[in-house]
Amino acid sequence: MAKKPRVKVPSKASKGQVFQIKTLITHKMETGTRKNKKGKLIPRMIINKFSCKYNGKEVFSANLHPAVAANPYFAFYTKASESGTIDFAWTDDAGKTVTASKKITVS
Amino acid sequence: MAKTIKKPLSVDRRSLLKATGVGVLAVAGSGLLSRTAQATPETAAKKLSELTGGAAVKQGKVNVKLPEIAENGRTVPMTVSVDSPMSSGNYVKTIHVVAEGNPNPDVVSFNLSPGTGKAEVATRIRLGKTQNVVARAVMSDGSVYEGKRQVKVTIGGCGG
Amino acid sequence: MKLKTLTSMVVALSAGALLAACQVDKAPDSVSGYTFATKDTQAMQDDNFSNPAMLWVGIGEEEWIKKDGSAGKSCASCHGGAKPGSDEEGMYAIDPVLDTSGGATKISMKGVATKYPIFDKASKKPMVLEERINLCRTKNMKAKAWKWESDQMMGTTMLVKMQSRGMPIMSTADQASSPLNGAWKAGMKFFNERRGQMDMACKNCHDDYPGTRIRANMLTQAQVNGFPTFRLKWQKPGTIHRRYAGCNKMVRAKHFKRGSNEYKNLEVYMTWRSRGLKVETPAVRN
């Protein structure tokens, strides 16, 4: 997961407005059922958890399985309540977590 | 868009057909999803009832949007939406998505909250073949709704 | 688009083309691979936040401003800064403003994608964009060349090409006066020559049957305007030379190395064939 994830969050929103968030991260999402050229199983290695927190409180999360396509993409909604930060975290099978964060001003 | 063939299929037809054969080989060799174990509508339903604690299921409210024909099973865009006000007293807690014809029925589960504002999530999934994708939504009052959609999958196997 | 009609048209046109050098020359009937894709794949390409290739463009952006090599320079030192895309747009723009503060004029990347491959006087061969970038790395930065299909190379190529999005591809390689004319001829020959166990030429699929389904694939005209493209099958981006190799292997023909003279000539010819089409990089294809 060397590449920086991409997230789209509006920088401004009015209170109560429901806005869309889009996230994209590089990951092979190795299923664990594929074989390499020598016929050996390639071990499973996927992002199994994604979460989005708004000022520390989880507003959306996902539990992923190998049937989620490589380079996981999510588009979902969040309601603007107050100014602050929206934090994103992706965790893989090895327990490694990649994070991203965006500021939002709510008026 | 799709142009009609101006030239009648003649000399090239055989070679084109042969090339098509290569396409088949390429798919078999690529091993996107191994075909050893296979989910069935029954195992998928069992999985869903495990995930939703065996609650009674009503049809409706859940809409699974998928292309009628997926260009490539490796990346199939999917949008799941649930008819819900998403208010603090009445919202969608979880949406479980399973596939009836993949090696393993599990696809993804989404956990929502009143702060989500709108019960609609888009992602991209892998589908090994033509099959139904089923989504079950667990509401804040514990009721469970289900929606499903069939998708035809034509895996790309050419131009390697 | 049949070869004979094409060549005769070329002969007829070339005199006029010289006069109309400033006008955009458009290949007759050419349409982007985009047109043949399903609407879902098109939508994936259209939205910068859904297009998975943008993850690699992000790598390109990091590389753009990273100092590397013994000259202590980054691409931005000589070509202007990469302006991080705004959240709404998601576009990575390299600042096109000419910055003369350091005494040097910074060379803009706008329009670059419309004119490659160029003719390299030193080697007397075509130079494709990947080679031009590596030349800057080795000569101007005193850094190591990138591998052809490394994430850094593809990301940077895409970032550079994106600055020309929407601009028409230009080529006059068909004209005898062009230094690329020899390469163009060799490329055209390669494109039209039957090869491999299946005895098929590129033309047999891409000129004769675009719009026809070949198993699960909709055949396109094999235009170059979206490269490097993100391919659903590969689940990552790839260069046009990777595609060439794939199509050679498909008909069980000998394939060549990325960056080989064979593929560079082919790229010269196929870029000419795509002239007038708008740069779409990074495209999403099946």
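Above this note sits the structure.
Anyway, here's the lowdown on the structure attached to this text. (Residues numbered from 1 in each chain as written. Chains lettered and ligands numbered in written order. Predicted model: local features only at pLDDT ≥ 70, side-chain atom pairs only at ≥ 80, totals over all residues. Heavy atoms only, no water.)

**Here's the deal with the pairing of strand β3 (residues 18-24) of chain A**
Residue and element names in this part refer to chain A.
At step 1: Most of β3 sits inside the fold, with five of its seven residues counted as buried.
At step 2: Inspection of the sheet shows strand β1 (residues 6-8) paired to β3 by three bridges, in the antiparallel sense. By the bridge assignment, Arg-6 is partnered in β3 with Leu-24.
At step 3: With seven bridges connecting them, β3 and strand β6 (residues 73-79) associate as antiparallel partners. Residue pairing for β6: Gln-20 is matched across the bridge by Tyr-77. (Buried < 20%, exposed > 50% of the residue type's maximum accessible area, 1.4 Å probe, protein only. Helix = DSSP H or I, 4+ residues; strand = E, 2+ residues; numbered from the N terminus. Pairing = 2+ DSSP bridges.)

**Side note on the packing of helix α10 (residues 240-250) of chain C against helix α11 (residues 261-273) of chain C**
All names here are of chain C.
At step 1: Closest axis-to-axis distance for the α10/α11 pair is 10 Å, and the angle between their directions is 105°. Taken together, α10 and α11 sit at an angle that is classed as roughly perpendicular. Residues Ile-240, His-241, Tyr-244, Ala-245 and Asn-248 of α10 pack against Tyr-263, Lys-264, Leu-266, Glu-267 and Met-270 of α11. (Axes fitted to C-alpha atoms, helices over the stretch in contact; angles between N-to-C directions. Parallel < 35°, antiparallel > 145°, perpendicular 65-115°, else oblique. Contact = heavy atoms within 4.5 Å.)

**Points about empty space enclosed by the protein**
Residues and elements named next belong to chain C.
At step 1: In this structure the tally under the stated criterion is four cavities of 30 Å³ or more.
At step 2: Volume-wise, the largest cavity comes out at about 690 Å³.
At step 3: Taken together, 37 residues form the lining of the largest cavity, with His-206, Thr-220, Ala-222, Arg-243 and Cys-247 sitting closest to its centre.
At step 4: Only α8 (181-192), α9 (202-206), β6 (217-218), β7 (229-231), α10 and α11 provide two or more residues apiece to the lining of the largest cavity.
At step 5: Residues of the lining of the largest cavity, tallied by class, amount to 21 nonpolar, eleven polar and five charged.
At step 6: By volume, the second largest cavity amounts to about 210 Å³. (1 Å grid on protein atoms, 1.4 Å probe; cavity = no way out; pocket = protein on both sides within 12 Å on 5 of 7 lines; lining within 4 Å. Points joined across faces, edges and corners; volume = space filled by probe spheres on them. Nonpolar A, V, L, I, M, F, W, Y, C, P; charged D, E, K, R; others polar.)

**Thoughts on the packing of aromatic side chains**
At step 1: Scanning all chains against the criterion turns up 19 aromatic pairs over all chains.
At step 2: On the numbers, 5.1 Å between centres and 85° between planes, the contact of Trp-184 of chain C with Trp-272 of chain C is edge-to-face. Taken together, the residues span a long stretch of sequence, with Trp-184 of chain C in helix α8 and Trp-272 of chain C in helix α11 at a distance of 88 residues.
At step 3: Its relative accessible area of 4% is what places Trp-184 of chain C among the buried residues.
At step 4: Assessed through its relative accessible area of 2%, Trp-272 of chain C is described here as buried.
At step 5: Among the aromatic residues, those joined into a cluster by ring pairs are Phe-50, Phe-60, Phe-74, Phe-76, Phe-88 and Trp-90 of chain A together with Phe-110 of chain B.
At step 6: One residue, Arg-242 of chain C, lies across the ring of Trp-234 of chain C, its end atom 3.9 Å from the ring centre. (Phe/Tyr/Trp six-rings, centres within 6.5 Å; stacked < 30°, edge-to-face > 60°. Lys NZ or Arg CZ within 6 Å of the ring centre and 35° of its normal.)

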